[in-house]
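# Coordinate inspection notes
The chain contents come next:
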Amino acid sequence: MLFSSVVFLFWFFPAVFLIYYLLFFSRMLQNVWLLFASLVFYAWGEPVYMSLMLGSILVNSLLGYGVERCARRKKGLLLVAIVLNVGVLFVFKYLGFVRGVFGPVFGSAAGTVSLPLPIGISFYTFQALSYVADVYRGTVRAENPFYVGLYIAFFPQLVAGPIIQYSTAAQQIRNRVSSFDGVAAGLCRFTAGLGKKVLLSNCFAAVADHVFAWSAVGTDRMPVPAMLAWLGSIAYTLQIYFDFSAYSDMAIGLGLCFGFRFGENFNYPYIAESVSDFWKRWHISLTDWFREYVYFPLGGSRVQNQDDMVRNMFLVWLLTGIWHRANWTFLFWGFFYFAVQLAERFFEYPKRGRSKFVRHVYTLVVVNAAWVVFRADDLYQAGRFFLNMLGMNNNGFYSDLAVLLLRENWVFFAAGIVFSMPLARTVNAWFYKNPDSAAHKIGTAAYPVGMLLVLLMSVSYLASGTYNPFIYFNF
C-alpha cells in the first residue's frame, strides 16, 4: 500500500487515526491497535512474507532477552543475531547475484534462484539488528515481543525508512505525548511530502525514464545528444531526492500524528560543498546506522594506523553499496564514493578548496555522476550514458527533444531546484521571527491554505492514475 494512493489517503489512514484517538484512555490499547494496523498495512502488499516479518520480530525478541540475561553468552547471541538477520538478507537479496557470478565456475551445480524481494526487508532487518545491538550495549532493556513488533513493523517507516535505532524509540513506545499541534504539524509534513512525490518526483521520473531508456536502445537506433543526456541525469538527480525525501517527510509526518518523533533523514543535500558533507545530509538514518554499528565498532577514524581507517571506510562503503542492491553498479557506486571521500580526507578538502561556488559545483557534478551509475541497468549502460553526456558517442550536443522537454516541464524543474534549497525554511523563519508582525499573521493564515491546495492538486493527479512506486521500495 502506497502512501500516495487513494486507498491509503481516504480509507486506511483515516480509519487508523480515528480508532487510535478513540482509544485515548489506554496507551496499551493504542499500541495494540497500531501494531495490528501495521501488520495489515504490510500484508496488503506482501501477504506471502508476513511469516518472515513475524519470524523476525519473534526471533530478535528472544535474542534480546538472551543477550540481556546471559552475560557469558551475549557475544555469541549477538553473533547469532547478526548471522540470522544478514543471512535472511543474503537469501532474498544476494543469493541470485552470487550464483550468477559463480555460475560459470561451478556450471549447472550452481543452479538458478529467483526469489521476489520482500518489500522493506533491508529497512526492518536493520532495525531488528539495532534492537539486539542496543540491548547488547546496555543502552536499553530487553522488551517483550509485542513492543519489539511495534518498533519493527510500525507502518509509517516500515518499508522505506527512515531507519530508527531502537535506543531512540524505546521510550516513545510507552511514554510518547500526543497533542493537537503535533497532529497539525504531522498532517502538514505529510502533505508536503505527498506534493513532493506526486507533483515533482513523478514528473522528473517521466523524463529520466525516457532518456535512460533511449540511451539503452543504442546510438544507431536512438541517438541521445549530450544536451538530452544531461537533462536525463539532472532529472534523475531531482527525482531520487524528491522521491525518497518525500517518503521520509510522509513517514515523519505520520509519526507525529501518533506522537512519535523520528529524526530527519534529509537536510538539503544538494547544497553541500563536499561529497563528505553531502553524505551528512543524504539518507541520514542509514549513515548513522553504519556509523554506530559498523564504523565505530571497527575503530572509526580514531586508530593509530591510518591503514585501519582506510579499511574501516572501505568496509562501510562496500556494505552501503551492497545494502542497496546486489548489482555491479551498486558495488561500483559504493567504491566510487569511498574513493572520493578518501581523496577529500587526504587533500583536506574542502578546507583547502576554492570558492564556495566552485565547491558546490564540484559536489553536484560528482553526485550527478554517481546517480547515473546508480540508475543504470549495468556498468556497460552507465558507460554508454557517460559517453552520451560527454558527446563522445557520435551523438552530438544539441537536442530539439531536450528543448521540447524543458519547454513542457520548466515549471517543475524550476520548482525542483528551488525546493532543493532551504529557501522555504528561510522564508518560514522570516515569517515567524516576530509573532506580533503582519508577516507572521499572513504566514499563519496562508500556510494551511497552501497545504490544502497541495493536497487537492496531489489528489487530482492520483485520481488520474499518474503515480509510480517509490524508488527505495526496491531496496
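Refer to the structure above for everything that follows.
What you are looking at is a predicted structure, and each value in this text was computed from that prediction instead of being measured.

### Quick look at the overall build of the chain
- Looking only at helices and strands, the chain has 18 helices and 0 strands in total.
- Taking 23 Å as the expected radius of gyration for a compact globule of 475 residues, we find that the chain reaches 23 Å, a close match to that expectation.
- For the chain, the C-alpha atoms occupy an extent of roughly 70 × 65 × 45 Å along the three principal directions.
- Counting across all 475 residues of the chain, residues that qualify as buried make up 50%.

### With respect to the packing of helix H8 (residues 180-217) against helix H9 (residues 226-257)
- Where H8 contacts H9, the two axes come as close as 6 Å, and the packing angle between them is 160°. Compared by their axis directions, H8 and H9 come out roughly antiparallel. Crossing handedness for the pair H8 and H9: left-handed.
- Tallied by class, residues from the contact of H8 with H9 come to 27 nonpolar, 9 polar and 5 charged.

### A few points about the nonpolar core
- In terms of nonpolar packing, the biggest core is built from 131 residues, with Phe8, Phe258, Trp282 and Trp371 touching the most fellow members.
- Element by element, the count of residues in this core is highest for H9, at 17 residues.

### A word on a nonpolar patch on the surface
- Taken together, the side chains of Val6, Val7, Phe10, Trp11 and Trp44 define a hydrophobic patch exposed on the protein surface, amounting to about 570 Å² of accessible area.
- Relative to the helices and strands, Trp11 is located in helix H1 (residues 6-22).
- Since its relative accessible area comes to 65%, Trp11 is described here as exposed.

### Structural notes on helix H15 (residues 379-389)
- Listed as buried for H15 are Gln381, Ala382, Arg384, Phe385, Asn388 and Met389. Seen along its axis, H15 keeps its buried residues to an arc of 160°; they face one direction.
- Packed against the buried residues of H15 are H8, H9 and helix H14 (356-375).
- Sitting at the head of H15, Asp378 places a side-chain oxygen 3.1 Å from the backbone nitrogen of Tyr380.

### A closer look at the pattern of salt bridges
- Following the criterion strictly, the structure yields 13 salt bridges and no others.
- Among the salt bridges present, the one from Glu292 reaches Arg137, with a minimum N-O distance of 3.8 Å. Separated by 155 residues along the polypeptide, Glu292 in helix H11 (residues 284-298) and Arg137 in helix H5 (residues 121-137) bring together distant segments of the chain.
- Arg137 gets classed as partly exposed once you look at its relative accessible area, which sits at 38%.
- One salt bridge in this structure joins Asp288 and Arg291, with 2.8 Å as the shortest N-O distance. With a gap of 3 residues between them, Asp288 and Arg291 both fall in helix H11, about one helical turn apart.
- Residue class for Arg291 comes out partly exposed when judged on its relative accessible area of 30%.
- When salt bridges with common partners are traced through the structure, they connect Arg189, Lys196, Asp249 and Glu264 into a single cluster.

### Details of the side chain of Gln341
- Note on placement: Gln341 falls in helix H13 (residues 328-346).
- With relative accessibility at 11%, the residue Gln341 sits in the buried group.
- Setting aside anything within four residues of it in sequence, one finds Gln341 in contact with Val275, Ser276, Trp279, Met313 and Trp317.

### With respect to helix H12 (residues 306-324)
- Between its terminal C-alpha atoms H12 stretches 28 Å, which fits the 27 Å expected from 19 residues at 1.5 Å a residue.
- All of the buried residues in H12 are Met309, Asn312, Met313, Val316, Trp317, Thr320, Gly321, Trp323 and His324. Across the axial projection of H12, the buried residues extend over an arc of 165°, all falling on one side.

### Examining the environment of Asp308
- The topology assignment puts Asp308 in helix H12.
- Overall, the relative accessible area of 28% leaves Asp308 in the partly exposed class.
- Considering only alpha carbons, one finds Asp308 and Ala192, 116 residues apart in sequence, at a separation of 43 Å.

### Details of the environment of Leu52
- Considering the arrangement of structural elements, one finds Leu52 in helix H3 (residues 50-69).
- By relative accessible area, Leu52 is classed as buried at 19%.
- Along the sequence, Leu52 and Ile121 sit 69 residues apart, while their C-alpha atoms lie 9.3 Å from each other.
- When residues no more than four places from it in sequence are discounted, the contact partners of Leu52 are Val88, Phe92, Pro118, Ile121 and Tyr124.

### Topic: unusual backbone geometry
- Its identity is not glycine, yet His283 carries a phi of approximately 45°, on the positive side.
- Take His283: its relative accessible area is 0%, and that puts it in the buried class.
- Of note in the backbone geometry, Asn394 takes a positive phi value of approximately 55° without being a glycine.
- Topologically, Asn394 is positioned in the loop between H15 and helix H16 (400-419).

About the cut-offs
- Residues numbered from 1 in each chain as written.
- Predicted model: local features only at pLDDT ≥ 70, side-chain atom pairs only at ≥ 80, totals over all residues.
- Heavy atoms only, no water.
- Helix = DSSP H or I, 4+ residues; strand = E, 2+ residues; numbered from the N terminus.
- Rg over C-alpha atoms; globule rule 2.2 N^0.38 Å.
- Buried < 20%, exposed > 50% of the residue type's maximum accessible area, 1.4 Å probe, protein only.
- Axes fitted to C-alpha atoms, helices over the stretch in contact; angles between N-to-C directions.
- Parallel < 35°, antiparallel > 145°, perpendicular 65-115°, else oblique.
- Left-handed = near helix turned anticlockwise from the far one by under 90°.
- Nonpolar A, V, L, I, M, F, W, Y, C, P; charged D, E, K, R; others polar.
- Core = buried A, V, L, I, M, F, W, Y, C linked by side-chain atoms within 4.5 Å.
- Patch = residues over 30% accessible without salt bridge, like charges linked within 9 Å, V, L, I, M, F, W, Y side chains within 5 Å.
- Areas by Shrake-Rupley, 256 points an atom, 1.4 Å probe, with all protein chains shown as cover.
- Salt bridge = Lys/Arg side-chain N within 4 Å of Asp/Glu carboxyl O.
- Arc of directions from axis to C-beta.
- Contact = heavy atoms within 4.5 Å.
- Polar contact = N/O pair within 3.5 Å; in protein donor to acceptor, adjacent residues only side chain to side chain.
- Expected span 1.5 Å × (residues − 1).

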